[in-house]
Structures are given as C-alpha cells and as structure tokens.
Amino acid sequence: MPQRYSLTARLFHWGMAAIIIPVWMIGFSAGRLLPRGPSPLKGELLSIHKEIASTVIILVVLRMAWRATHRPPALPESIPEEQQIAARVLQGCLYLLMLSTPLTGWLMASAYGAPVQMLWTVHLPALIQKTPLLAPALGVLHQFSAWILGVLIAGHILAALMHRLSRRDQVMDMML
C-alpha cells in the first residue's frame, strides 16, 4: 500500500484546487474571451475573481506552514532521481506561483486604486498607493504568473494521470 498524504493535507490540496482552477478560468474568461473594454459582465466576473482569489493567499500560507512541519510521502524508488528532483522543483514553483499570482493581482488592483475584498466581507488594505503608471506593468506580471501557474497545474494533472494510466505506479494514489 503506498504512503498517502494525511486527510488534512488532502483537504488543503483539493480545497486549493477547487478554488484556484475556477478562479483562473474566471480571470481567463474576463481577460481573454470577452471583448476588450469595460462591460457589466466583465466587471462582475473580475469582482468575483478578486473576491475568491484573495482567499488563496491565506490557504497557500497555511499549506506552506503545514508542509514545513509535515514531510510528504516519499516517491517510489522506481522513479529516477532526476525525476524526483524535477518533481520537488516544480512543486516549489507551484507554491511560489500560488502565492505570487494573487499577490500581483492585489498589487495591480492597489495600483489602479481598485478595492479588493475577500469573500464579500473583509476589505483588504491597498498594498501600494494608487500608481496608474505602474498598474499596467503589474497587470502583465499578474497575467504572466497566472499563465505559468495554469500551465504547471495542467502539467501536474497530466503527470498524475500519466502515473495512473501509463506507468501504472502508485504516485497518483499518493497525491489523492
């Protein structure tokens, strides 16, 4: 029987995925699928995006604190060492991007002078003063980190499926 993450770790994992993936899709829809320029639908989607995405920072910090005090299960010895190293590096990149993506969004909103609320209840303070010249650069940084995060999440899902369907090893069981 493969070693598995604890129930708490799995709840964090699935809870974060249940928030990050839809928030990413809402941001993508508002930024790329809708016509350029302001619209009531785009404004509503971006509002929902910010309200929910702001919780990711707290979840990632809690997850990182948990991870700092709890070792993950070891990968099977059948996984080559370079792939184990790559898995650890990519997991570190996922954590970094799960933290930096919402932070750059919060910085961007602050630079535009836009309010950021968390779950329609908590008003978050501006991280920087309104700086219209800096806001577009922060927007590019936010979008860039979101795209990389999206690619890494998709790769993470595909790698788990590859382990299950192609290699038929127990790595996906460890993840769930």
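Residues numbered from 1 in each chain as written. Predicted model: local features only at pLDDT ≥ 70, side-chain atom pairs only at ≥ 80, totals over all residues. Heavy atoms only, no water.

*Asks:* Just to check I follow, could you spell out the environment of L138 for this structure?
*Replies:* Within the element layout of this structure, L138 appears in helix α4 (residues 135-167). With a relative accessible area of 10%, L138 lands in the buried category. For L138 and T104, which are 34 residues apart along the polypeptide, the C-alpha to C-alpha distance reads 6.3 Å. When near neighbours in sequence (up to four residues on either side) are disregarded, L138 contacts T104, L107, M108, A111 and I128. (Helix = DSSP H or I, 4+ residues; strand = E, 2+ residues; numbered from the N terminus. Buried < 20%, exposed > 50% of the residue type's maximum accessible area, 1.4 Å probe, protein only. Contact = heavy atoms within 4.5 Å.)

*Asks:* Would you take a moment to explain the side chain of Q84 for this structure?
*Replies:* Mapped onto the elements of the fold, Q84 is located in helix α3 (residues 81-112). The residues touching Q84, leaving out its near neighbours within four places in the chain, are L75, P76 and I79.

*Asks:* What am I meant to see in the packing of aromatic side chains here?
*Replies:* Each aromatic ring pair is summarised here by two numbers: the centre-to-centre distance and the angle between the ring planes. Counted by the stated rule, this structure contains 3 aromatic pairs. With a centroid separation of 5.5 Å and 5 degrees between ring planes, the pair formed by W24 and F28 is classed as stacked. You can see W24 and its partner F28 sitting in helix α1 (residues 7-33), 4 residues apart, about one turn around the helix. Take F28: its relative accessible area is 26%, and that puts it in the partly exposed class. (Phe/Tyr/Trp six-rings, centres within 6.5 Å; stacked < 30°, edge-to-face > 60°.)

*Asks:* Would you mind showing me how to read a nonpolar patch on the surface here?
*Replies:* Residues I21, M25, I157, L158, L161 and L165 make up a contiguous nonpolar surface patch of roughly 550 Å² in combined accessible area. Residue assignment for the nonpolar patch shows that the elements contributing at least two residues are α1 and α4. Take the nonpolar patch: its biggest share by element is 4 residues, from α4. For M25, the location among the structural elements is in helix α1. (Patch = residues over 30% accessible without salt bridge, like charges linked within 9 Å, V, L, I, M, F, W, Y side chains within 5 Å. Areas by Shrake-Rupley, 256 points an atom, 1.4 Å probe, with all protein chains shown as cover. Salt bridge = Lys/Arg side-chain N within 4 Å of Asp/Glu carboxyl O.)

*Asks:* Is there a simple way to explain α4 in this structure?
*Replies:* With 33 residues, α4 should cover 48 Å at 1.5 Å per step; its first-to-last C-alpha distance of 46 Å lies within 8% of that length. Along α4, the residues that are buried comprise A135, L138, G139, H142, S145, A146, L149, G150, L152, I153, A160 and H163. Phi for R168, located one or two positions after α4, is positive at around 55 degrees. (Expected span 1.5 Å × (residues − 1).)

*Asks:* I keep staring at the UniProt feature "transmembrane region" (unreviewed entry) in the chain and nothing clicks. Help me out?
*Replies:* UniProt annotation of "transmembrane region" (unreviewed entry) refers to residues 12-34, 46-66, 93-114 and 144-165 when read in the numbering used here. Secondary structure within residues 144-165 divides into 100% helix and 0% strand; the distance between the first and last C-alpha atoms comes to 31 Å. (UniProt positions renumbered as here; feature names shortened; annotations may be inferred.)

*Asks:* I keep staring at the nonpolar core and nothing clicks. Help me out?
*Replies:* Taken as a class, soluble globular proteins show a tendency for nonpolar side chains to be buried jointly. Grouped together as the largest cluster of nonpolar side chains are 11 residues: M16, I20, V56, V60, L94, Y95, L97, M98, L149, L152 and I153. Among the elements of the structure, α1, α2 (40-69), α3 and α4 are those that each provide at least two residues to this core. Looking at this core, the element that brings in the most residues is α3, giving 4 residues. The contact partners of L94, leaving out residues within four places of it in the chain, are L149, L152, I153 and H156. By size, the runner-up hydrophobic cluster in this structure holds 6 residues, among which are I57, W106, V116 and M118. (Core = buried A, V, L, I, M, F, W, Y, C linked by side-chain atoms within 4.5 Å.)

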